[in-house]
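So the chains spell out like this:
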Amino acid sequence: MSQPLVGMDLADLREALGPHQPAYRARQIYQALYHGQAADLVRISTLPVHLRQELAEHHSLGLPTVDRLFESTDGTRRYLLRLADARTVETVLMPEAARHTICISSQVGCPVDCKFCMTALMGLERNLTAGEIVAQVLLVTRENQLLHEAGRLNVVIMGQGEPLLNLPNVVKATRILLDPAGFALSPRRITLSTAGIIPKIAELGREPVRPKLAISLNASTEEQRQELMPITQKYHLKDLLAACKAYPLRPWEKLTFEYVLLHGVNDTDSDARRVVKLLANLNAKVNLIALNPGPGIPYATPLPERVASFQNIVRRGLPCFVRKPRGLDIYAACGQLKSNSQPALEPSLPPHSLPSPPPQTPANPSDSNIE
Ligand code: SAH
């Protein structure tokens, strides 16, 4: 079987080429893969023809294939990608005038059993390799002619999976994406979201090259959080906040806390006041996400007035935004990624479950993109 090259760093490439090739050949291939974004090994024009052929004999780029592509009325594109072992995973492109956001997966399915998330219904199938993580970005940029737009791209590791449970591969992929000689993404433009795997937060903080950190808070009390996110029976809120306090933020960085608002469950004014108290000592901002509904999810979306009231209270204590839902009609929004091959939401949704647009007035800023 041919060995995939995407996902290899310089050291891996040197090893793959063997001792008879000069070191600069590995650099040329590295640049062609991630900077030049080669579409075909035999066309890497910086390499001699015999080496290209030799490479192509033993290796492949290793990009997944597009199994299906779904397009939302808001311009969002959901890619159902087929991996080498025939499993599928999802990547979402959210285009915007000023910049585009690519939401990538870190695992096939997810082992964290959050009660409001459709990915949880898949369970965990397997970790993605570093190559499969990087390849999602390469493929979507290539498919959408965004090849030389690394400066205008955001990458969020918020698709299928819990990235901190696949940390080595996520870190390796991040290094390639951020390397100026690699994909050359700006370090401020890649964010990872975690359900709060406490020991791994400290481990991530020790990495010299790492994404920004977002944490799914989703509840204002320990009890509520344990009910909505059973994994937090092991990773307690108090310890999570201590890990956040100890996290070594870079000078330009803030922690992001995400909070999924569930109608009548965690969306009261008292919840909002408790959130402010919990986060009072942290350099943080809050992103509210009104529930994106789906089959099998036993919660409803709060009304826009409730979201606005919650936001207004949190904003008294710290910056607070409402995340715009993107791609709701194609199962592409947060919490909807379930390797779904259906084109659109089914029409029969329970009451209150239709998503409401976030408040748009200047008094209620909404996040211009996902991060
Ligand atoms: N495993 C990571 C990435 C999850 S997806 C994590 O837990 O953070 C990113 C965000 O979407 C998380 O904050 C998650 O809480 C949120 N989310 C999950 N299901 C959702 C849903 N149905 N509606 C809105 N947001 C949801």
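All right, on to empty space enclosed by the protein then. Using the criterion set out here, one finds four cavities of 30 Å³ or more in the structure. For the largest cavity, the lining is made up of 36 residues, of which Cys 117, Met 158, Ser 216, Cys 334 and Gly 335 are closest to its centre. Taken together, the elements giving at least two residues each to the lining of the largest cavity come down to strand S5 (88–94), strand S10 (190–194), strand S12 (255–261) and strand S13 (284–290). Across the lining of the largest cavity, the residue classes tally to 23 nonpolar, nine polar and four charged.

The immediate surroundings of the ligand are formed by 17 residues, with Phe 116, Ser 193, Ser 216, Asn 218 and Asn 292 found nearest. Between the ligand and Gly 161, the relevant distance is 3.0 Å, taken from a nitrogen atom to a main-chain nitrogen or oxygen of the residue. One of the backbone N or O atoms of Ala 195 is found 3.4 Å from an oxygen atom in the ligand. Starting from 540 Å² of accessible surface for the ligand in isolation, the protein chains cover 96%. Judged by the fraction of its atoms near the pocket grid, the ligand is located in the largest cavity. Only S10 and S12 provide two or more residues apiece to the shell around the ligand. Residue classes in the shell around the ligand are distributed as eight nonpolar, seven polar and two charged.

So, about the nonpolar core. For soluble globular proteins, nonpolar side chains are generally found buried alongside one another. Judged by nonpolar contacts, the single largest core of 102 residues is most densely connected at Phe 116, Phe 257 and Leu 279. When residues no more than four places from it in sequence are discounted, the contact partners of Leu 279 are Leu 217, Leu 241, Phe 257, Val 286 and Leu 318. Within the second largest apolar cluster, 11 residues are counted, among which are Cys 103, Met 158, Ala 332 and Leu 337.

Of all the residues in helix H8 (residues 237–246), the buried ones are Leu 237, Leu 240, Leu 241, Ala 243 and Cys 244. Seen from one end, H8 has its buried residues packed into an arc of 160 degrees, which puts them on one side. Exposed side of H8, more than 90 degrees from the buried face: Lys 238, Lys 245 and Ala 246 are the residues found there.

The next thing to look at is the side chain of Arg 25. Tracing the backbone through its elements, the reader meets Arg 25 in helix H2 (residues 23–35). Here Arg 25 occupies a buried position and makes no salt bridge, while the nearest side chain of opposite charge, Glu 54, is found at 9.6 Å.

This paragraph deals with the environment of Gly 75. Note that Gly 75 resides in the loop between strand S3 (65–71) and strand S4 (77–82). We classify Gly 75 as partly exposed; its relative accessible area is 30%. Sequence separation between Gly 75 and Leu 93 is 18 residues; the distance between their C-alpha atoms is 8.6 Å.

The rules behind each value
- Residues numbered from 1 in each chain as written.
- Predicted model: local features only at pLDDT ≥ 70, side-chain atom pairs only at ≥ 80, totals over all residues.
- Heavy atoms only, no water.
- 1 Å grid on protein atoms, 1.4 Å probe; cavity = no way out; pocket = protein on both sides within 12 Å on 5 of 7 lines; lining within 4 Å.
- Points joined across faces, edges and corners; volume = space filled by probe spheres on them.
- Helix = DSSP H or I, 4+ residues; strand = E, 2+ residues; numbered from the N terminus.
- Nonpolar A, V, L, I, M, F, W, Y, C, P; charged D, E, K, R; others polar.
- Near = heavy atom within 4 Å.
- Polar contact = N/O pair within 3.5 Å; in protein donor to acceptor, adjacent residues only side chain to side chain.
- Areas by Shrake-Rupley, 256 points an atom, 1.4 Å probe, with all protein chains shown as cover.
- Sits in = over half its atoms within 2 Å of the grid points.
- Core = buried A, V, L, I, M, F, W, Y, C linked by side-chain atoms within 4.5 Å.
- Buried < 20%, exposed > 50% of the residue type's maximum accessible area, 1.4 Å probe, protein only.
- Contact = heavy atoms within 4.5 Å.
- Arc of directions from axis to C-beta.
- Lys, Arg positive; Asp, Glu negative; His and termini not counted.
- Salt bridge = Lys/Arg side-chain N within 4 Å of Asp/Glu carboxyl O.

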